[in-house]
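# Breakdown of the fold
The primary structure of each chain is shown beneath.
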Amino acid sequence: MKYIDMFTLAFVITLKFMSYSNMKNIGLLVLLALMTGCNSGDRGQLVGTRGKKYNAEKPFGMALIPGGSFIMGKSDDDLVGVNDAPTKTVTVRSYYMDETEVTNSEYRQFVNWVRDSVIRRKLALKAVEVLGYDLANDAAELDGGIGMFYPTSMLTDPALDPEEFSYTEYRRAEGDDKYSDPEYAALNWEQELFFDTQDYPDKPYAEVLDEMFLPMELSYNGQRTWDVSLFEYEYKQLDIEKAAREGLSRWDVIVYPDPLSVYPDTTAWVRDFNYSYNEPMHNDYFWHEAYSEYPVVGVSWSQANAFCNWRTDYRNSYLKSKGKHFENKFRLPTEAEWEFAARGGLQGATYPWGGPYTKNDRACFLANFKPLRGDYAADQALYTVEAESFEPNDFGLYNMAGNVSEWTNSSYDAASYTYSSTMNPNVNDPNNHRKVVRGGSWKDVAYFLQVSSRDYEYDSIKTSYIGFRTIQDYLGTDVTPNQASN
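What comes next is a walk through the structure. (Residues numbered from 1 in each chain as written. Predicted model: local features only at pLDDT ≥ 70, side-chain atom pairs only at ≥ 80, totals over all residues. Heavy atoms only, no water.)

## Considering helix α12 (residues 335-343)
Helical periodicity: at 3.6 residues per turn, an α-helix aligns residues three or four positions apart in one direction. Counting buried residues along α12, nine of its nine residues qualify, which places the element largely inside the surrounding structure. Burial in α12 covers these residues: Glu-335, Ala-336, Glu-337, Trp-338, Glu-339, Phe-340, Ala-341, Ala-342 and Arg-343. Taken from the residues just after α12, Gly-344 is the one with a positive phi, measuring 65°. (Buried < 20%, exposed > 50% of the residue type's maximum accessible area, 1.4 Å probe, protein only. Helix = DSSP H or I, 4+ residues; strand = E, 2+ residues; numbered from the N terminus.)

What follows is the structure, encoded as structure tokens:
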């Protein structure tokens, strides 16, 4: 006979003889059972707490890079480069990495989300301006026009019992002005936006949308053009490293970067090259569907970090809505993580494919760069190529050499290899605005395509030859190369 503790037996007997009229008290009895018998299942043993079982899910479009050790830096025969990148053995943890550089299509998703959030915020403010603050008992006002975009968190009647509505609404009912201010109120993301002027529902809506476009006298070819300076992204960061090293509280290390315009600088295609005709790239490269799968350029280091923050929040907001575990943040790779991934598991290789040559056995170039004596088209590409071009390395990563150089999370210091840690090394000094870029680009010679070559640009620079890709730390037991192959 299986063991049944005395409390469970008493509970069963009580239920057996309970009359039908007392069935409504079952909920109270169950609660009492949970309160008094919470240790009956573990028999007083230390069994730990358990939540929902977590199974790691590989992010879409990313490859798993199994952690391990490698020899980082230049070989001894590069007498100049070895001073900048002396060899050292380092170890990195496992992570996921984008198989390709972030494309125009992917970055446009970010830009469009920021655009829509800015528009919805302006529509919410206009709705409150037109309709007032107290619409809790007048839902008819919300059926059409600007009322469709009234802030959702301002619609609850403060007279309701606080237990009947959300924490945000409870704070508002208690007199917290922040939660009754439309600047902070929850937006209505369910309502579709109307971009065609013929679909505008009313005049206040038209007034808001018209403010988002440039005046017609400034438009190009008679087309309505967004005022992209209004597409600003605001977010906060937590400097955990500073908090840990200086013993500060979270309140002291929350950072609010300045609102950041997210639109790529398309003028880079013209500005980067004097006495050169590149106007078609300026006009079409980011927006035209023909370039959707090409790597985004004209993005600063700060914009790349803002994209990482948005991608993290976008993913975790979805997971939260499904009651699932959050995932680690997306971020730029450290210099060591980038080089480890670029090598594809090959020790001592010159290029992602091994080397030492930039051609295969059929005399075809293996990357998009400036070969020979400046013959840009010798590799069959004048500017960038689609992000999933040429053969991937052994980790399944495309264009880790050539096409566009890539931002990393590391600050450039010629001596950083000599003092950085050998475990997950990274030197990211917020006061050093020189950030490491890796991989070389379509305009660079072969030297910068080498997996160990270092270069840098200032974090505010936006060029036609620098893009980025993101990584995400692996959750759970570290994955070694042997495990990854099983």
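Text resumes after the structure shown.
## Quick look at the packing of helix α4 (residues 104-131) against helix α6 (residues 203-211)
A pair of packed helices is captured by two measures, namely the crossing angle of their axes and the spacing between those axes. Interhelical geometry of α4 versus α6 gives an angle of 145° and a closest axis separation of 10 Å. The handedness of the crossing between α4 and α6 is right-handed. Contacts from Ile-119, Lys-122, Leu-123, Lys-126 and Val-130 of α4 reach α6 at Pro-204, Tyr-205, Glu-207, Val-208 and Leu-209. Along the lines of polarity and charge, the residues of the contact of α4 with α6 split into seven nonpolar, no polar and three charged. (Axes fitted to C-alpha atoms, helices over the stretch in contact; angles between N-to-C directions. Left-handed = near helix turned anticlockwise from the far one by under 90°. Contact = heavy atoms within 4.5 Å. Nonpolar A, V, L, I, M, F, W, Y, C, P; charged D, E, K, R; others polar.)

## Some points on the environment of Ala-381
Relative to the helices and strands, Ala-381 is located in the loop between α12 and β10 (405-411). Accessibility expressed as a relative area gives 8% for Ala-381, which makes it buried. It is 8.3 Å that separates the C-alpha atoms of Ala-381 and Phe-369, two residues lying twelve residues apart in sequence.

## What about the pattern of salt bridges?
Evaluated as defined, the whole model comprises 21 salt bridges. One salt bridge connects Arg-438 with Glu-339, and the closest N-O pair in it is separated by 2.9 Å. Here Arg-438, found in strand β11 (residues 434-438), pairs with Glu-339, found in helix α12; they are 99 residues apart in sequence, far enough to count as distant. Of the two residues, Arg-438 and Glu-339, neither departs from the other in class, the shared state being buried. Notably, a salt bridge pairs Asp-444 with Lys-443, separated by 3.1 Å at the nearest N-O pair. Classification of Asp-444 by relative accessible area gives buried; the value is 10%. (Salt bridge = Lys/Arg side-chain N within 4 Å of Asp/Glu carboxyl O.)

## Remarks on helix α11 (residues 301-321)
Compared with the 30 Å implied by 1.5 Å per residue over 21 residues, the 31 Å span of α11 between its first and last C-alpha is a close match. Looking at the residues trailing α11, positive phi occurs at Gly-323, about 70°. (Expected span 1.5 Å × (residues − 1).)

## Describing the packing of aromatic side chains
The geometry of an aromatic ring pair is captured by two quantities: the separation of the ring centres and the angle between the planes. Scanning the entire structure with this criterion turns up 39 aromatic pairs. The interplanar angle of 10° and the centroid separation of 5.0 Å between the aromatic rings of Tyr-351 and Trp-353 together place this pair among those described as stacked. On the basis of relative accessible area, Trp-353 is assigned to the partly exposed category, the value being 29%. Taking the centre distance of 6.2 Å and the plane angle of 50° together, the rings of Tyr-376 and Trp-442 count as tilted. Pair noted here: Tyr-376 is in the loop between α12 and β10 and Trp-442 is in the loop between β11 and β12 (455-458), with a separation of 66 residues, a long-range link. Accessibility expressed as a relative area gives 28% for Tyr-376, which makes it partly exposed. (Phe/Tyr/Trp six-rings, centres within 6.5 Å; stacked < 30°, edge-to-face > 60°.)

## What to know about the sheet that holds β11
Strand order in this open sheet of four strands is β12-β11-β10-β13, and the pairing throughout is mixed. In the strand order of this sheet, the two ends are held by β12 and β13 (466-467), each with one partner. (Pairing = 2+ DSSP bridges.)

## Examining the nonpolar core
The biggest cluster of nonpolar side chains holds 57 residues, and the ones touching the most others in it are Tyr-107, Phe-110, Leu-123, Tyr-205, Leu-209 and Phe-468. Listing elements by their share of this core, those giving two or more residues are α4, α6 and α11. Broken down by element, the residue count for this core peaks at nine residues, all from α4. Here Leu-123 is in contact with Ile-146, Phe-149, Leu-193, Tyr-205, Val-208 and Leu-209, once residues within four sequence places are set aside. Core analysis: the second largest hydrophobic core is formed by 20 residues, Ala-85, Phe-340, Ala-341 and Phe-395 among them. (Core = buried A, V, L, I, M, F, W, Y, C linked by side-chain atoms within 4.5 Å.)

## A word on the environment of Ile-254
Tracing the chain through its elements places Ile-254 in strand β7 (residues 254-255). Residue class for Ile-254 comes out partly exposed when judged on its relative accessible area of 27%. Put simply, Ile-254 and Gln-237 are 17 residues apart on the chain and 5.8 Å apart in space, counted from C-alpha to C-alpha. In contact with Ile-254, not counting residues within four places along its chain, are Lys-236, Gln-237 and Leu-238.

## What to know about a negative patch on the surface
Together, Glu-106, Glu-293, Glu-386 and Glu-388 make up a negatively charged patch on the protein surface. Mapped onto the secondary structure, Glu-386 falls in the loop between α12 and β10. (Patch = residues over 30% accessible without salt bridge, like charges linked within 9 Å, V, L, I, M, F, W, Y side chains within 5 Å. Areas by Shrake-Rupley, 256 points an atom, 1.4 Å probe, with all protein chains shown as cover. Lys, Arg positive; Asp, Glu negative; His and termini not counted. Charge placed at Lys NZ, Arg CZ, Asp CG, Glu CD.)

## A few points about the packing of α4 against α11
The interhelical angle for the contact between α4 and α11, taken along N-to-C directions, is 75°, at an axis separation of 11 Å. Comparing the axis directions of α4 and α11 gives the class roughly perpendicular. Residues Glu-106, Tyr-107, Gln-109, Phe-110 and Trp-113 of α4 touch α11, and the partners they reach there are Gln-303, Ala-306, Phe-307, Trp-310 and Tyr-314. Class assignment of the residues belonging to the contact of α4 with α11 gives a composition of seven nonpolar, two polar and one charged. (Parallel < 35°, antiparallel > 145°, perpendicular 65-115°, else oblique.)

## Observations regarding the sheet that holds strand β14 (residues 471-473)
With antiparallel pairing, the four strands of this open sheet are ordered in space as β1-β4-β14-β9. Both edges of this open sheet fall to β1 (62-65) and β9 (330-331), since each of them pairs with a single strand only. Pairing of β9 with β14 involves two bridges; the strand directions are antiparallel. The partner of Phe-330 across the bridge, within β14, is Gln-472. Of the strands in this sheet, β1, β4 (95-98), β9 and β14 touch α12, which is tilted by about 75° from β4.

## Examining the side chain of Lys-126
Tracing the backbone shows Lys-126 in helix α4. Here Lys-126 falls in the buried class, since its relative accessible area comes to 15%. In this structure Lys-126 touches Ile-146, Pro-204, Glu-207 and Val-208, once residues within four positions along its chain are discounted.

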